Amino acid sequence: MFVSTRRGFLKSAVAGLAAPYAFAQNSKITATPLAENIHLLSGAGANVIAHTGADGVLIIDGGLAQNADVLLQAVAALPKSGPVRTLFNTHWHPEQTGCNEKLGTAGATIIAQENTRLWLQQNITWPWNGQKFKKFSKIAQPNKTFYDKGALDNGIRYGYIADAAHTDGDLYVYFPQQNVLAVGDAAYGQGWPIVDWWTGGWIGGIAGGLQRIQSIANKETKIVPAQGPVLSFADIAAQAEMYGTIYDRLNQMLNKGRGPTEAVAAKPAKEYEEKMGNPDTFIRRAFESQWAYLSPDA
Ligand SMILES: [Zn+2]
């Protein structure tokens, strides 16, 4: 989590990265300058990136619906702010799509990969815990979708993370001028990821997505995940190696006819546990994700 402090501001000012100033708009949402005209907003349920400029504000992800009002107030209070004209959904999860209804009603362009729109058009129940998600009204659904990649008039680029790292509709947004890359939940800033195999994510995709992120970024890119602190290229490379190792081990167990309970017991993430925490839920779901991904009717 980022907290705006004078100290943090001075540190980033020294590094030459700060926007004019940083401030906390209210007790819940904090804004931190990330690069010229780009702020990171924390506290809405997911990291939200706001890009301000003469042609209106663009935000990447919208936090949870219950935080939409305070988040949009915080966005409005940013330097050089204005109406939010563009919203990206990095995937369909509630932490990403909580502003869709408000901004869709206000006439914003909501951009998502086509699969994200398809998920938001149907009711979803996660089989592992029974959690239910209601389909979105038409006005709240993404109204500009793509399959592969695209670019905005101001040079901002976006594209599909086709590996199914987290869902089958993950996207990235890249700001070439500031060298900032938003990757949603295709990389995790803290803890083990949720493997949402019901809507297409899988362990092989986590490893593949992290490789793809390295092909989009460069050594100086600031990589912003949906959860946790900003990551460096080296962080992504280390994650790619870790998830690649775990994927190999789980894949070997699958090929030997083992199941998820045996996979958890085999501790395929043991050398990472001290840093990352208990992996059991992640390992179980990651193992199941192989069935979902590799079975012919998936
Ligand atoms: Zn997610």
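Residues numbered from 1 in each chain as written. Predicted model: local features only at pLDDT ≥ 70, side-chain atom pairs only at ≥ 80, totals over all residues. Heavy atoms only, no water.

### Observations concerning the packing of helix α6 (residues 203-216) against helix α7 (residues 233-255)
Two elements in contact, α6 and α7, have axes separated by 8 Å at closest approach and are oriented at 155 degrees. Judged on the interaxial angle alone, α7 and α6 are roughly antiparallel. Regarding α6 and α7, the two cross each other, and that crossing is left-handed. Together, I203, G204, I206, A207, L210, Q211, I213 and Q214 of α6 and F233, I236, A237, Q239, A240, Y243, G244, Y247 and L250 of α7 make up the contact between the two elements. Among the residues making up the contact of α6 with α7, the classes are represented as 12 nonpolar, five polar and no charged. (Axes fitted to C-alpha atoms, helices over the stretch in contact; angles between N-to-C directions. Helix = DSSP H or I, 4+ residues; strand = E, 2+ residues; numbered from the N terminus. Parallel < 35°, antiparallel > 145°, perpendicular 65-115°, else oblique. Left-handed = near helix turned anticlockwise from the far one by under 90°. Contact = heavy atoms within 4.5 Å. Nonpolar A, V, L, I, M, F, W, Y, C, P; charged D, E, K, R; others polar.)

### Regarding the sheet that holds strand β14 (residues 222-225)
Taken in spatial order, the five strands make up an open sheet running β10-β11-β12-β13-β14, and their pairing is mixed. Strands at the two margins of the open sheet, each flanked by one partner only, are β10 (149-151) and β14. The sheet shows a mean angle of 15 degrees between the axes of neighbouring strands, taken without regard to direction. In this sheet, strand β12 (residues 171-175) lies alongside strand β11 (residues 157-160) in antiparallel orientation, the contact comprising four bridges. In the sheet register, R157 faces β12, and the bridge partner there is Y174. (Pairing = 2+ DSSP bridges.)

### Focus on helix α2 (residues 68-76)
Three or more residues of α2 are buried, namely A68, L71, A74 and V75. Viewed along the axis of α2, the buried residues span an arc of 130 degrees, placing them on a single side of the element. Buried residues along α2 sit in contact with β2 (38-42), β3 (48-51), β4 (57-60), β5 (84-88) and α4 (100-105). (Buried < 20%, exposed > 50% of the residue type's maximum accessible area, 1.4 Å probe, protein only. Arc of directions from axis to C-beta.)

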